[in-house]
Every structure is written in structure tokens, then in C-alpha cells.
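A look at the structure
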Amino acid sequence: MNDVKLGNPAPLGLMGFGMTTILLNLHNAGFFPVTSIVMAMGLCYGGLAQVIAGILEFRKGNTFGMTAFTSYGFFWISLVGIWVLPALGWTEAPPLSFMGWYLALWGVFTFFMFIGTLRGGKGLQFVFASLTVLFALLALRDFLASHAIGVLAGYVGIVCGASAVYVAMAEVLAEQYGRKVLPF
């Protein structure tokens, strides 16, 4: 067995997820339009950085982390594709109800991942519980074409993303100081 100490890739994945989620949900809450900022973060930090974190979790033998980070990384990449491909004229934009199904399926996946967190820390449980609620609200927004539900989802998403940033920083500080500095 290799005795080389590996860094913990989870904070990278959580930061990529958290910061990108906050930016997108500032849009959903009505503060900003979707711009190249959200799309670039979705491709690079929410997408690519999470996929890299997932591959590194694979190297550590962490099936949960590998599945979570690679899946959500490719969620971000696919979401940007859903926005950009129609703009390029390569396909039609999806109807809202079909987008609702896309988000609902991610909600089901996230609920099962939440169940996987029940053996872990409360911080990660909160991230996945709030993400499950976020996907449910986003799906309902699209199924019902409800602006109000979308705004509510935006605020839930900001909290969800901020909780992921918190857990990421708690893990970084714990490793840096050799003890828990922030509860997670």
C-alpha cells in the first residue's frame, strides 16, 4: 500500500459546488441575470473542479465523495450545455416542464445521497438536505411556471451554497490546525 499522504479533495469539491450554487441562486432570487459569470463558474469551478475532486475521492477509495463530486460536476457542465446549446443553434431550448423533469431527477438522486450523509457530520447533512429541497423547488417552479417558487428556491439555494462553503472551510481549517476549529 502506498504510504503517501494525500490531500483531502472534499473542500475543493464543496467550494466548487458552494460558490457556483450561490452565484446561480443570486440569479434565481432575482438579484442578477444569468451571465458569463455563472456559466464560467458552472463549467470551471462547479463543473471541472468537482469532477477533479471526484476523481481524487476515487483515488482515496471514497465511493460517496466520488459519486457526489463527479455527478454534481457533470450536473453543472450539463446545465451550462442546456443554456448554451440552444443559443448556438445546435438544438431547441427545452420546454419548462421537461426542465422540471431534469431537476426532479437530480432531486431524487440528491435525496438518496442525503441518506448517505446520515452516517456523517451535521454540516454535510444540511448541505444535502437543503439541496434536496432546492431541486424540489426548482422542479416545481418549472412544472408550475411559478416565479414566486423560483425566488424562494433562490434563497434556499443561497443558504445551501453557503453551507457547502462553510463545511469546506471547516475541513480546511481542521486539517490546517490539527483540530476542529469550526463545528461540522
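None of the values given here were measured: they were computed from a predicted structure. (Residues numbered from 1 in each chain as written. Predicted model: local features only at pLDDT ≥ 70, side-chain atom pairs only at ≥ 80, totals over all residues. Heavy atoms only, no water.)

**Points about the layout of surface pockets**
Note the threshold: A 1.4 Å probe that fits into a set of points on a 1 Å grid over the protein atoms alone but cannot get out defines a cavity; an open set with protein on both sides within 12 Å along at least five of seven lines defines a pocket, and lining residues are those with an atom within 4 Å of a point. Grid points are joined across faces, edges and corners, and a volume is the space filled by probe spheres set on the points. For the purposes of this entry, the term helix denotes a DSSP run of H or I that reaches at least four residues, the term strand denotes a run of E that reaches at least two, and both are numbered from the N terminus. When residues are sorted by character, Ala, Val, Leu, Ile, Met, Phe, Trp, Tyr, Cys and Pro go into the nonpolar class, Asp, Glu, Lys and Arg into the charged class, and all the rest, Gly among them, into the polar class.
Reported here for the largest pocket is a volume of approximately 480 Å³. For the lining of the largest pocket, the secondary-structure elements that each account for two or more residues are helix H1 (10-28), helix H3 (63-87), helix H4 (96-117), helix H5 (122-144) and helix H6 (147-177). Per-element tally for the lining of the largest pocket: the top contributor is H3, with seven residues. Tallied by class, residues from the lining of the largest pocket come to 22 nonpolar, seven polar and two charged. For the second largest pocket, the calculated volume is near 390 Å³. Taken together, 24 residues line the second largest pocket, and the ones lying closest to its centre are Ala-10, Phe-64, Phe-69, Leu-124 and Glu-171. Every element with two or more residues in the lining of the second largest pocket is listed here: H1, helix H2 (36-60), H3, H4, H5 and H6.

**With respect to a nonpolar patch on the surface**
Defined as follows: Each patch is built from residues lacking any salt bridge and having more than 30% relative accessible area; the joining distance is 9 Å for like charges and 5 Å for nonpolar side chains (Val, Leu, Ile, Met, Phe, Trp, Tyr). Shrake-Rupley sampling with a 1.4 Å probe provides the accessible areas, and residues are treated as covered by the protein chains on show and by no other component. The rule for a salt bridge is simple: a side-chain nitrogen of Lys or Arg has to be within 4 Å of a carboxyl oxygen of Asp or Glu. Throughout this description, buried means an accessible area under 20% of the type-specific maximum (1.4 Å probe, protein chains only), exposed means over 50%, and partly exposed covers the range between.
Taken together, the side chains of Phe-98, Trp-101, Leu-140, Phe-143 and Leu-144 make up a nonpolar region of the molecular surface, amounting to roughly 550 Å² of accessible area. For the nonpolar patch, the elements supplying multiple residues, two or more each, are H4 and H5. Examining the composition of the nonpolar patch, we find that three residues originate from one element, H5, more than from any other. In this fold, Phe-98 is placed in helix H4. By relative accessible area, Phe-98 is classed as exposed at 56%.

The quantities given are spatial measurements derived from coordinates; they are silent on function.
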